Amino acid sequence: MYRPKEMDELDTAVTLLIPTVSDYCGTPKLTYPEDGDLLFVNWKTYGGTEAVIDKQIVIIDTAQVTTWYDPRIKKACRLRLDSGELYEIIGKPEDVNGRHIFMRFKVQNVESLTPALEGDRSG
């Protein structure tokens, strides 16, 4: 059976933050808890992702994550590293081979766009 080689190196501890959805003036609002479950994942950054924002090229802090399959991990979830950095899941997590054993997904730093936009406006 296929086993990604990344599964041999689950050495990064992250906290899984699963949001609760509440209704605020007819619009769904996501609220994240302060603490969550501890997961061990394989975390690869590959230097980030380039994007064009306001006609400027910006590097967005992204990472590719591989871990054991967990049906609670969805698009709206966030991961917090030990350093305190928050990452949000981009897109739907991939169930590798559809066997509910391993999963892969891409995450983006929640604060990665804020400094670039604030720096552009202050200058």
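As shown above, the structure is provided for reference.
Presented here is a report on the structure given in the accompanying data block. (Residues numbered from 1 in each chain as written. Predicted model: local features only at pLDDT ≥ 70, side-chain atom pairs only at ≥ 80, totals over all residues. Heavy atoms only, no water.)

Looking at the nonpolar core
(1) Moving on: Core analysis: the largest hydrophobic core is formed by 16 residues, its most contacted members being Val 14, Trp 43, Val 65, Ile 73, Leu 79, Phe 105 and Val 107.
(2) Moving on: Breaking this core down by element, the ones donating at least two residues are strand S1 (12-17), strand S4 (37-44), strand S7 (62-68), strand S8 (78-81), strand S9 (86-95) and strand S10 (102-109).
(3) Moving on: Excluding residues within four positions of it along the chain, Val 107 makes contact with Trp 43, Asp 61, Thr 62, Ala 63, Val 65, Leu 79, Tyr 87, Glu 88, Ile 89 and Ile 90. (Core = buried A, V, L, I, M, F, W, Y, C linked by side-chain atoms within 4.5 Å. Buried < 20%, exposed > 50% of the residue type's maximum accessible area, 1.4 Å probe, protein only. Helix = DSSP H or I, 4+ residues; strand = E, 2+ residues; numbered from the N terminus. Contact = heavy atoms within 4.5 Å.)

As for the sheet that holds S10
(1) Moving on: Spatial ordering of the closed barrel is given by S1-S4-S7-S10-S9-S8, a layout of 6 strands whose pairing is antiparallel. For this sheet, the mean angle separating the axes of adjacent strands, direction not counted, is 45°.
(2) Moving on: In this structure, S4 lies alongside S7, joined through 3 bridges in antiparallel fashion. Pairing of Asn 42 across the sheet is with Thr 66, part of S7. (Pairing = 2+ DSSP bridges. Axes fitted to C-alpha atoms, helices over the stretch in contact; angles between N-to-C directions.)

Notes on the side chain of Thr 66
(1) Moving on: For Thr 66, the location among the structural elements is in strand S7.
(2) Moving on: Taking relative accessible area as the criterion, Thr 66 reaches 2% and is therefore assigned buried.
(3) Moving on: The residues contacting Thr 66, other than those within four sequence positions of it, are Glu 6, Met 7, Leu 10, Val 41, Asn 42, Met 103 and Arg 104.

Let's talk about unusual backbone geometry
(1) Moving on: The residue Lys 55 is not glycine, and still its phi comes out positive at about 60°.
(2) Moving on: Relative to the assigned elements, Lys 55 resides in the loop between strand S5 (49-53) and strand S6 (56-60).
(3) Moving on: Located in the positive-phi region is His 100, a residue other than glycine, with phi close to 55°.
(4) Moving on: Within the secondary structure layout, His 100 lies in the loop between S9 and S10.

Description of the pattern of salt bridges
(1) Moving on: Under the criterion given, the structure shown has 6 salt bridges.
(2) Moving on: Between Arg 78 and Glu 88 there is a salt bridge; the shortest N-O distance is 3.5 Å. Here the residue Arg 78 occupies a position in strand S8, and Glu 88 occupies one in strand S9, the gap between them amounting to 10 residues.
(3) Moving on: Judged by its relative accessible area of 18%, Arg 78 falls in the buried class.
(4) Moving on: Through salt bridges that share partners, Asp 37, Asp 70 and Arg 72 make up one connected network. (Salt bridge = Lys/Arg side-chain N within 4 Å of Asp/Glu carboxyl O.)

Here we look at the environment of Ala 63
(1) Moving on: With respect to the helices and strands, the residue Ala 63 is situated in strand S7.
(2) Moving on: Exposure remark for Ala 63: the relative accessible area of 1% places this residue in the buried category.
(3) Moving on: Distance from Ala 63 to Asn 109, taken between C-alpha atoms, is 8.5 Å for residues 46 residues apart in sequence.
(4) Moving on: Those residues in contact with Ala 63 that sit more than four places away from it in its chain are Trp 43, Lys 44, Thr 45, Phe 105, Lys 106 and Val 107.

Regarding the layout of surface pockets
(1) Moving on: In this structure, the largest pocket encloses a volume near 150 Å³.
(2) Moving on: As for the largest pocket, its lining consists of Tyr 69, Asp 70, Pro 71, Ile 73, Lys 74, Lys 75, Lys 92, Pro 93, Asp 95 and Met 103.
(3) Moving on: The element best represented in the lining of the largest pocket is S9, accounting for 3 residues.
(4) Moving on: When the residues that make up the lining of the largest pocket are grouped by side-chain class, the tally is 5 nonpolar, no polar and 5 charged. (1 Å grid on protein atoms, 1.4 Å probe; cavity = no way out; pocket = protein on both sides within 12 Å on 5 of 7 lines; lining within 4 Å. Points joined across faces, edges and corners; volume = space filled by probe spheres on them. Nonpolar A, V, L, I, M, F, W, Y, C, P; charged D, E, K, R; others polar.)

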